Amino acid sequence: LLALLPAVVAHVPPDIDAGECCLKAAEAGGCPDVPPRGVPQLRFLEGQRVLSRVENPGGEAAWEEGVVIGLWYREACWPASHPGAPYEIRLDINSRVFALVDHDRIVRAASAAAVRALGTAAGAAGGGAVAGAGVGAAAGSSKAARFQKR
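Our subject in this report is the structure included herewith. (Residues numbered from 1 in each chain as written. Predicted model: local features only at pLDDT ≥ 70, side-chain atom pairs only at ≥ 80, totals over all residues. Heavy atoms only, no water.)

### What to know about the overall build of the protein
Assigned secondary structure in the protein consists of two helices and seven strands. Secondary structure elements in the protein, listed N-terminal to C-terminal, are α-β-β-β-β-β-β-α-β. Looking at the protein as a whole, 38% of its 150 residues are labelled buried. For the protein, contacts bridging at least 24 residues in sequence account for 63% of all contacts bridging at least 6. Accessible surface, the protein as shown: approximately 8200 Å² in total, 57% of it carbon and sulfur. (Helix = DSSP H or I, 4+ residues; strand = E, 2+ residues; numbered from the N terminus. Buried < 20%, exposed > 50% of the residue type's maximum accessible area, 1.4 Å probe, protein only. Contact = heavy atoms within 4.5 Å. Areas by Shrake-Rupley, 256 points an atom, 1.4 Å probe, with all protein chains shown as cover.)

### A word on the nonpolar core
Grouped together as the largest cluster of nonpolar side chains are 25 residues, with contacts concentrated most on Leu 5, Val 68, Tyr 87, Ile 89, Phe 98, Ile 106 and Val 107. Counting residues per element, the ones that place at least two in this core are α1 (4-11), β2 (49-55), β3 (61-73), β4 (85-91) and β5 (96-99). With residues up to four places along the chain from it excluded, the contact list for Ile 106 reads Leu 5, Glu 20, Cys 21, Cys 22, Leu 51, Ser 52, Arg 53, Trp 63, Ala 99, Leu 100 and Val 101. (Core = buried A, V, L, I, M, F, W, Y, C linked by side-chain atoms within 4.5 Å.)

### Quick word on unusual backbone geometry
Residue Trp 72 is not a glycine yet carries a positive backbone phi of 60 degrees. Structurally, the position occupied by Trp 72 is in strand β3. Of note, Asn 94 is a non-glycine position whose phi angle comes to about 65 degrees, a positive value. Within the fold, Asn 94 resides in the loop between β4 and β5.

### Notes on the state of the cysteines
Tallying each qualifying case throughout the model produces zero disulfides. Sulfur of Cys 21: no disulfide; nearest cysteine sulfur belongs to Cys 22 and is 7.0 Å away. (Disulfide = S-S within 2.5 Å.)

### Here's the deal with the pairing of β4
The buried fraction of β4 amounts to six of the seven residues, a majority that puts the element mostly inside the structure. As defined by bridge partners, β3 adjoins β4 across six bridges and the pair is classed as antiparallel. Paired with Gly 66 across the strands is Leu 91, a residue of β4. Bridge count for β4 against β5 is four bridges, and the pairing is antiparallel. By the bridge assignment, Ile 89 is partnered in β5 with Val 97. Linkage of β4 to β5, two consecutive antiparallel strands, is achieved through a turn of four residues, within which Asn 94 is found at a positive phi near 65 degrees. (Pairing = 2+ DSSP bridges.)

In structure tokens, the structure reads:
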């Protein structure tokens, strides 16, 4: 899965739902204090609000709001050659997930317009729901963003 998901988002047409979504983070997983060497620049920093595509019980995908809490998430069982997942995200529903790729198919900016657009698209298609439509500052995000400056 570590190698498969990047290939899926790179090659599957955007109008096809390949089931890609963020995965539940392990209790022992975490993010390093410094980024791995040679990794690409990411779109989001710690503390930024995002929408994450997650799988609900029953298998249906939905967009959940959350905040990026770490960059380059890793689990101990992952091969040393893998740089990690670009984002660790704490969802507003109080669970932690990680995004294996930095792509709009699984993680997007949580602007008010994006939340409205996803809600409209999901309603029209009868697809996954958008949870937590309110957009605001990340609660308790006094931590400075690591790794990148913009």
